[in-house]
Amino acid sequence: MNTQTVKTAAPSRPSPVVKVYPQQQQLTPPQFKRISSFMEKTTGIKLPESKRTMIQARLANRLKVLNFDNYAQYVDYVFSSNETASDEITMMIDLITTNLTHFFRENTHFEFLNSTVLPELAKEGIIIPDIWSAGCSSGEEPYTLSIVIADYMKKNPGQFTDYRILATDISTKILSKAVEAVYPMETVKNLPDEIKRAYFLKSKNPDMDLVKVKPIIRNKVQFERLNFMDGSYRINPKKDIIFCRNVLIYFDKPTQLAVIKKLVDCLKPGGFLFLGHSETIFGSNLPLKTVSTTVFQKTREK
Ligand SMILES: C[S@@+](CC[C@H](N)C(=O)[O-])C[C@H]1O[C@@H](n2cnc3c(N)ncnc32)[C@H](O)[C@@H]1O
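Residues numbered from 1 in each chain as written. Predicted model: local features only at pLDDT ≥ 70, side-chain atom pairs only at ≥ 80, totals over all residues. Heavy atoms only, no water.

Chemist: Before we move on, can you summarise the packing of helix α2 (residues 52-66) against helix α3 (residues 71-78) with the specific residues and values?
Modeler: Orientation of α2 relative to α3, taken along the N-to-C sense of each, is 85 degrees, at an axis distance of 10 Å. In terms of orientation, α2 and α3 fall into the roughly perpendicular class. Residue-level inspection shows Gln 56, Leu 59, Ala 60, Arg 62, Leu 63 and Leu 66 of α2 in contact with α3, the latter providing Tyr 71, Tyr 74 and Tyr 77. For the contact of α2 with α3, a count of residues per class yields 7 nonpolar, 1 polar and 1 charged. (Axes fitted to C-alpha atoms, helices over the stretch in contact; angles between N-to-C directions. Helix = DSSP H or I, 4+ residues; strand = E, 2+ residues; numbered from the N terminus. Parallel < 35°, antiparallel > 145°, perpendicular 65-115°, else oblique. Contact = heavy atoms within 4.5 Å. Nonpolar A, V, L, I, M, F, W, Y, C, P; charged D, E, K, R; others polar.)

Chemist: Explain the site of the ligand to me, and be specific about the residues and the numbers.
Modeler: Looking at the ligand, there are 21 residues lining it, with Thr 43, Thr 101, Gly 135, Asp 169 and Asn 246 nearest. Between the ligand and the protein, one listed contact pairs a nitrogen atom with a backbone N or O atom of Thr 43 at 2.7 Å. Take Glu 141: an N or O atom from its side chain is 3.1 Å from a nitrogen atom of the ligand. In the complex, 99% of the free accessible area of the ligand, which totals 600 Å², lies under the protein chains. For the shell around the ligand, the class distribution of residues is 8 nonpolar, 9 polar and 4 charged. (Near = heavy atom within 4 Å. Polar contact = N/O pair within 3.5 Å; in protein donor to acceptor, adjacent residues only side chain to side chain. Areas by Shrake-Rupley, 256 points an atom, 1.4 Å probe, with all protein chains shown as cover.)

Chemist: With reference to specific residues and values, describe the side chain of Asp 94.
Modeler: Residue placement: Asp 94 occurs in helix α4 (residues 85-96). Of the side chains with opposite charge, Lys 173 comes closest to the buried, unpaired Asp 94, at an N-O distance of 6.0 Å. Polar side-chain contacts of Asp 94 include one of 3.4 Å to the backbone nitrogen of Lys 173. (Buried < 20%, exposed > 50% of the residue type's maximum accessible area, 1.4 Å probe, protein only. Lys, Arg positive; Asp, Glu negative; His and termini not counted. Salt bridge = Lys/Arg side-chain N within 4 Å of Asp/Glu carboxyl O.)

Chemist: Can you lay out the state of the cysteines for me, pointing to particular residues and giving the numbers?
Modeler: Throughout the structure, instances matching the rule amount to 0 disulfides. The cysteine Cys 136 is free of any disulfide, with Cys 244 supplying the nearest cysteine sulfur at 11 Å. The thiol of Cys 244 is not disulfide-bonded; the next cysteine sulfur, from Cys 266, is found 11 Å away. Judged by its relative accessible area of 0%, Cys 244 is buried. (Disulfide = S-S within 2.5 Å.)

Chemist: Explain the pairing of strand β3 (residues 130-134) to me, using residue names and the numbers behind them.
Modeler: In terms of burial, β3 is largely enclosed, as 5 of its 5 residues are buried. Burial along β3 is two-sided: the face carrying Asp 130, Trp 132 and Ala 134 and the face carrying Ile 131 and Ser 133 are both buried. Relative to strand β4 (residues 164-169), β3 runs parallel, the two sharing 5 bridges. Within the sheet, the bridge partner assigned to Ala 134 lies in β4 and is Thr 168. As paired strands, β3 and strand β9 (residues 239-244) are joined by 3 bridges and run parallel to one another. Note that in β9 the partner of Trp 132 across the bridge is Ile 242. (Pairing = 2+ DSSP bridges.)

Chemist: Mind laying out the domain arrangement of the chain, listing which residues take part and the relevant values?
Modeler: Parsing the chain into structural domains produces domain 1 (4-96) and domain 2 (108-298). Placing the centre of domain 1 and that of domain 2 at their C-alpha centroids yields a distance of 36 Å. Contacts between the two partners involve 11 residues from domain 1 and, on the opposite side, 10 residues from domain 2. Summed over both sides, the interface of domain 1 with domain 2 buries roughly 800 Å², with 56% coming from carbon and sulfur. Our count for the contact surface shared by domain 1 and domain 2 stands at 0 salt bridges. Counting the contacts that link domain 1 with domain 2 gives 5 residue pairs in polar contact (both at pLDDT 80 or more). Mapped onto the side of domain 1 that touches domain 2, the elements with two or more residues apiece are α1 (29-43) and α4. The residue makeup of the side of domain 1 that touches domain 2, split by class, is 3 nonpolar, 4 polar and 4 charged. (Domains from an automatic or database assignment. Buried area = accessible area lost by both parts, 1.4 Å probe.)

Chemist: Now, about the pattern of salt bridges: what can you tell me, with residues and values included?
Modeler: A full pass over the atoms with the stated rule returns 15 salt bridges. Residue Lys 46 pairs with Glu 40 through a salt bridge whose shortest N-O separation is 3.3 Å. Assessed through its relative accessible area of 38%, Lys 46 is described here as partly exposed. Salt-bridge contacts for Arg 164 lead to Asp 130; the nearest nitrogen and oxygen are separated by 3.2 Å. One end of the pair, Arg 164, is in strand β4; the other, Asp 130, is in strand β3, with 34 residues separating them in the sequence. Each of Glu 106, Glu 141 and Arg 245 takes part in one network of salt bridges that share partners.

Chemist: Just give me the short version of unusual backbone geometry, but keep the residues and values in it.
Modeler: A negative phi holds for most residues other than glycine; trans holds for most peptide bonds. The amide bond that connects Asn 236 to the next residue, Pro 237, takes the cis arrangement and shows omega of -5 degrees. The phi dihedral of Ser 137 falls on the positive side, at around 55 degrees, and the residue is not glycine. As for its position among the elements, Ser 137 is in the loop between β3 and α6 (140-155). The residue Ala 181 is not glycine, and still its phi comes out positive at about 60 degrees.

Here's what the structure looks like:
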């Protein structure tokens, strides 16, 4: 049971029953430490003690679902050799990772892609640009890339014959959402009408305020699970453009640098790397030159 029954001392009236939630209903600092150490080792995500209450809240429903009385039981289970514990680990990672994203997030990047990067790739004679959205969350970023390139091709016929987008994330749950490509209408409300009309389908049911990304945009994006902590990313062929935005902020400096190095290995010489607006490659000794705000170009071998 997860509650204790305590009788109050009130002799003249019937004794009310007060439920006292025991201390174990909280994720204690040592339990949190087990989770945070595991998360850092497995995903690179650093969870300082200040995130303990947030993690407790994100895992609360798992205790209910699994019928555990307290976090001690949950933590023992998730790190046990029980056959089903590995599924729970996947679930825990899904719940702990932060998936915040939206269409055309940090739009200056998409403007730069359209005004500078795509024309430069075309000038280099690339006819099928290969793009990677690394840490793609629920799909808004790779679908925005797909929309921008489709629109560019419409306005600049004859430059590209096609394009391919690989989109990866560690969270299987968020990847299923991305594949589905269904979003609340609210998420596209600020997009220009012509973009909405050309690339989104409205739900046929007027009670459902939902939109779905059109197949012409969806079909260009291939989703796969990839953990940035993997030794090598085995990305083939190398990419013309990599977007890896708002992911590195969750890692410590050495991990950020290790990830950026592996991303640069996956980039063609002359290819472009886009990081989040609060992310930087400062202090790294990599073959990259800054070409715009948090956009870098891999130097060409001489
Ligand atoms: C805040 S979202 C950013 C989404 C998108 N790039 C954007 O800027 O809007 C961060 C994403 O990184 C993913 N992520 C976190 N750690 C990861 C890891 N070790 N390997 C791969 N993806 C990871 C999370 O699951 C999450 O979907």
